[in-house]
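One-letter residues, chain by chain:
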Amino acid sequence: KQWYQRRVRGCRPLNEEEAAMNAAEIVKVNSDLGTIVLSAKKKGDPEKKFTFDHVFGPDSKQLDIYNICARKIVDSVLEGYNGTIFAYGQTGTGKTFTMEGVRSIPEKKGIIPNSFAHIFGEISKAGGDVKFLVRVSYLEIYNEDICDLLSKDMKKKLEVKERPDVGVYVKDLHQFSVKSAEDMDKIMTVGNKNRTVGSTWMNSHSSRSHAIFSITIERCDQGIDGKGHLRMGKLHLVDLAGSERQAKTGATGKRLKEATKINLSLSTLGNVISALVDGKSSHIPYRDSKLTRLLQDSLGGNSRTVMLANINPASYNADETHATLRYANRAKNIKNKAHINEDPKDAMLREFQKEIEALKLQLEQAGGPGTELSSGSEEEYVDEKTGKTVKRRKSKKKPLDDEEVKVIQEQLNKEKKELLEATNMEAAEKEKISSELAVREKELLKTQEEKKKLSEKLSMLEGKLIVGGVDLLEKAKAQQKLLDQSFKELEVQTKKQEEIQEEIAEKEQEKLMVEEKYSNLQDEAAGKTKKLQRINQMYKSAKAEIADMRVEHERRVEGLVEDIKQLTKEMNLQELLINYTIPPEFQELIEKVLLYSCHNTTDRQTDRQTDRQCHIPILTNAYPLKC
């Protein structure tokens with residue numbers, strides 16, 4: 001099934017700064033018809049109208065946005081499809097609010113926390129013969145470096161890899177098994193503390209990185225044949241950093257470098273979408289950016305994807321708003337072919353089930369195969385070396401349950417007591433029997449310890465698996481109830497909207513039919529004049545669109561030139577400081593012994609002979625800084 005939907009979050013209300021600037025609202029939202037109209041910049045110019053699957057105005061509710069945009073995607077992931085939801089737009093348009101919201105207020109929770117309650121709500125409704133394994137990961141792309149937001153070492157940069165059996169993945173990315181919506185929420189809180197944010201003129205809490213919260217859901221259903229059938233769906237929830245212009249954000253230094261990297265990755269995302277829409281391109285530039293590389297399947301492959309475009313209503317940002325709407329309008333032409341991931345090779349659920357079965361078998365054998373414990377009885381055998389008949393204690397290899405262990409322990413205690421009470425026994429023999437009792441007791445303790453460890457490991461693995469039909473919502477019950485209630489209300493509203501749209505379409509058709517029936521030449525001329533006027537209006541709109549695209553391209557180039565100028569200034573300043581503090585001969589030496597790569601600067605590998613030939617001096621305190 002082909003699947004790629006684009007929705008517009010619509011416009012947030014004007015904020016205090018925009019109101020203080022007396023900025024006018026240039027966006028008109030019609031949620032019933034799914035249209036957004038931008039006011040004309042100049043008198044006489046036509047208004048710009050865009051049509052999307054759904055649009056949301058300033059008074060839209062978070063629960064409605066989730067139920068309309070995300071519910072179907074999450075449901076399909078639970079069935080084994082891949083799904084992606086990402087928010088795109090200018091900085092300060094509310095992307096993070098759309099994706100995350102205010103997690104402490106149920107009505108204001110965003111798509112990501114609402115998906116937590118939804119997932120475990122659906123699992124609790126599944127049958128008892130269905131088993132689930134849910135894992136999560138959280139990463140950010142900051143300055144084109146991938147960092148694990150759930151890692152203790154945030155300085156470690158991760159690499160993007162690709163394998164034929166699993167596709168594109170991030171090497172060494174931590175994944176955590178979760179059993180409830182609360183577990184997911186705690187993990188997200190930890191990740192958000194590590195995420196890079198900063199302040200700019202346009203946004204005091206601006207995301208300086210792209211963040212991807214991924215949820216992997218594996219499920220095993222009992223088939224008619226009695227065998228387990230495995231499916232796996234992956235849900236990527238993406239909060240993109242916003243595009244920004246240096247002149248408006250006032251970014252300098254570190255913030256400017258961040259903005260440059262953000263704009264370049266978003267520009268690559270735009271190029272990928274354009275290439276996919278074009279259909280004639282032999283090369284799709286996925287590898288030009290870490291973001292597009294990770295979202296390769298989401299953009300043009302095996303995934304059901306929803307794009308949420310966030311726009312700014314202020315006239316001050318008219319160019320950026322228009323660019324975002326055109327960007328989303330292009331994306332609507334992409335068609336993905338998603339399929340259910342059946343029996344995936346990288347699934348962990350089957351491995352867990354195999355390990356659980358093996359542990360159960362070992363527990364039945366009381367600590368594993370090969371365990372031998374001496375019983376209290378004796379047996380006689382002939383020693384091959386001496387030819388004499390010797391007595392020895394029998395060994396037990398049969399499985400030991402708790403009752404048998406208890407009997408052996410009582411037998412040991414009884415023999416210990418008899419040994420202590422024995423008065424007619426020689427000291428040597430008494431010591432020998434005492435040693436044997438100690439060995440048997442040690443074996444018993446070892447068996448009990450091994451059994452305890454196996455039980456703990458089994459409980460831990462079984463704890464990671466979630467059985468369908470079990471209520472796992474706990475605190476998220478209220479959120480799931482809100483989502484369900486909102487969804488029912490939306491179904492009623494959607495029916496009404498469909499009826500209105502059908503009625504409008506019928507009237508438009510009737511109008512066209514009336515226009516096509518002419519009673520005389522005068523009426524025909526008037527009708528065709530109206531058609532020509534409409535065609536002329538369309539021509540003007542297309543002409544204006546081309547002009548806007550040219551202006552946007554020039555503006556983007558100007559923005560890149562501004563960034564280059566600022567970065568050049570900073571580079572010249574750093575070069576001046578280096579030349580002032582480090583002599584030229586030491587600079588040459590540093591360049592010789594260091595190797596630069598696209599990821600980091602590392603020591604060049606040299607052997608001892610080369611080191612002796614180069615006579616590399618110690619640079620510490622060789623040229624102290626002047627204070």
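For the structure given in this document, a descriptive report is provided here. Residue numbering note: each chain is counted from 1, following its sequence as written. Owing to the predicted nature of the model, reporting of local features is limited to residues with pLDDT of at least 70; listing and counting of side-chain atom pairs is limited to 80 or more, with chain, interface and lining totals taken over all residues. Calculated side-chain values reflect all of the structure's heavy atoms, with hydrogen atoms and water omitted.

1. Quick word on the overall build of the protein chain
To qualify as a helix, a DSSP run of H or I must reach at least 4 residues; to qualify as a strand, a run of E must reach at least 2; elements of each kind are numbered from the N terminus. Counting its secondary structure elements, the protein chain contains 17 helices and 21 strands. Remark: exposure states derive from per-residue accessible area (1.4 Å probe, protein chains only) relative to the maximum for the residue type, with buried under 20%, exposed over 50%, and partly exposed in between. Considering the protein chain as a whole, with its 627 residues, one finds that 40% of them fall into the buried category. By definition in these notes, contact holds between two residues if any of their heavy atoms fall within 4.5 Å. Across the protein chain, the fraction of contacts at a sequence separation of at least 24, relative to all contacts at a separation of at least 6, is 71%. For the protein chain, the accessible area works out to roughly 36600 Å², and carbon and sulfur atoms hold 52% of it. Surface accessibility follows the Shrake-Rupley procedure with a 1.4 Å probe radius. Residue values consider only the protein chains on display as shielding.

2. A word on the pattern of salt bridges
Basic side-chain nitrogens of Lys or Arg form a salt bridge, by our definition, when they fall within 4 Å of a carboxyl oxygen of Asp or Glu. All chains considered together, the criterion is met by 15 salt bridges. Residues Glu79 and Arg219 are paired through a salt bridge, measuring 3.7 Å at the closest nitrogen-oxygen approach. Of the two residues, Glu79 is situated in the loop between helix 2 (62-78) and strand 5 (83-89) and Arg219 in strand 13 (residues 210-222); the sequence distance between them amounts to 140 residues. Overall, Glu79 belongs to the partly exposed group, its relative accessible area being 37%. Of the charged contacts in the structure, one is a salt bridge between Glu100 and Arg103, with a shortest N-O distance of 3.2 Å.

3. Quick look at the packing of helix 2 against helix 4 (residues 111-125)
The angle between the axes and the distance between the axes are what describe a pair of packed helices. Angles here are taken between N-to-C directions and fall from 0 to 180 degrees, while the axes themselves are lines fitted to C-alpha atoms, restricted in helices to the stretch in contact. Between helix 2 and helix 4, the least distance of the axes is 10 Å, while the angle of their chain directions is 50 degrees. Judged by the inter-axis angle, helix 2 sits oblique to helix 4. With respect to the hand of their crossing, helix 2 and helix 4 are arranged in right-handed fashion. Where helix 2 approaches helix 4, its residues Leu63, Ile65, Tyr66, Ala70, Arg71, Val74, Asp75 and Leu78 are matched on the opposing element by Ile111, Asn114, Ser115, His118, Ile119, Glu122 and Ile123. Here the angle decides the label: under 35 degrees means roughly parallel, over 145 means roughly antiparallel, 65 to 115 means roughly perpendicular, and every other value means oblique. Left-handed describes a crossing whose near helix is turned anticlockwise from the far helix through less than a right angle; right-handed describes the clockwise counterpart.

4. Re the pairing of strand 5
Among the 7 residues that make up strand 5, 7 are buried, leaving the element largely enclosed by the rest of the structure. Alternating positions in strand 5 separate into two faces, Gly83, Ile85, Ala87 and Gly89 on one and Thr84, Phe86 and Tyr88 on the other, with burial throughout. Strand pairing is defined by DSSP finding a minimum of two bridges between the two strands. In terms of strand pairing, strand 5 meets strand 15 (residues 304-311) through 7 bridges, oriented parallel. By the bridge assignment, Thr84 is partnered in strand 15 with Thr305.

5. Notes on helix 4
A helix is expected to span 1.5 Å multiplied by its residue count minus one. An ideal rise of 1.5 Å per residue puts 21 Å on 15 residues; helix 4 measures up with 21 Å between its terminal C-alpha atoms. By the criterion of burial, helix 4 is predominantly enclosed, with 13 of the 15 residues buried.

6. Some remarks on the packing of helix 7 (residues 254-278) against helix 10 (residues 318-331)
Remark: helix 7 packs on helix 10, axes separated minimally by 9 Å, with the N-to-C direction vectors making an angle of 40 degrees. When the axes of helix 7 and helix 10 are compared, the pair comes out oblique. Here helix 7 runs over helix 10; the crossing is left-handed. Side by side, helix 7 and helix 10 meet where Leu266, Leu269, Gly270, Ile273, Ser274 and Val277 of the first sit next to Tyr327, Arg330 and Ala331 of the second. Per-class residue counts for the contact of helix 7 with helix 10 are 6 nonpolar, 2 polar and 1 charged. Just so you know the grouping, Ala, Val, Leu, Ile, Met, Phe, Trp, Tyr, Cys and Pro go in nonpolar, Asp, Glu, Lys and Arg go in charged, and all remaining residues, Gly too, go in polar.

7. Concerning the packing of aromatic side chains
By convention here, two paired aromatic rings are described through the distance between centres and the angle between planes. Only the six-membered ring of Trp is used, alongside the rings of Phe and Tyr, when aromatic pairs are assigned; centres must lie within 6.5 Å, and planes under 30 degrees apart are stacked while those over 60 apart are edge-to-face, with the rest tilted. If you walk through the whole model with that rule in mind, you get 4 aromatic pairs. Seen in terms of ring centroids, Tyr88 and Tyr327 are 4.0 Å apart; in terms of plane orientation they differ by 5 degrees. Their pairing is stacked. Residue Tyr88 is located in strand 5, and its partner Tyr327 is located in helix 10; the two are separated by 239 residues in the primary sequence. Take Tyr327: its relative accessible area is 5%, and that puts it in the buried class. Judged by centre distance (5.1 Å) and plane angle (70 degrees), the ring pair of Tyr138 and Phe213 falls under edge-to-face. Residue Tyr138 is located in strand 6 (residues 131-142), and its partner Phe213 is located in strand 13; the two are separated by 75 residues in the primary sequence. Chaining the aromatic ring pairs together yields one cluster made of Phe116, Tyr138 and Phe213. Comment: the charge-over-ring label is applied if NZ (Lys) or CZ (Arg) is within 6 Å of the ring centre and within 35 degrees of the ring normal. One cation-aromatic arrangement involves Arg163 over Tyr169; the distance from NZ or CZ to the ring centre is 5.9 Å. Between Arg304 and the ring centre of Tyr81, over which it is positioned, the NZ or CZ distance is 3.9 Å.

8. Remarks on the pairing of strand 9 (residues 167-170)
Direction of pairing for strand 8 (residues 160-163) relative to strand 9: antiparallel, over a ladder of 4 bridges. Considered in strand 9, the bridge of Lys161 is made with Tyr169.

9. So, unusual backbone geometry
Positive phi is not limited to glycine here, since Asn22 has a value of about 60 degrees. Residue placement: Asn22 occurs in the loop between helix 1 (16-20) and strand 2 (27-30). Residue Asn22 is classed as exposed on the basis of its relative accessible area of 69%. Even without glycine at this site, Glu144 takes up a positive phi of about 65 degrees. Its location among the elements puts Glu144 in the loop between strand 6 and strand 7 (145-148).

By themselves these figures say nothing about function.
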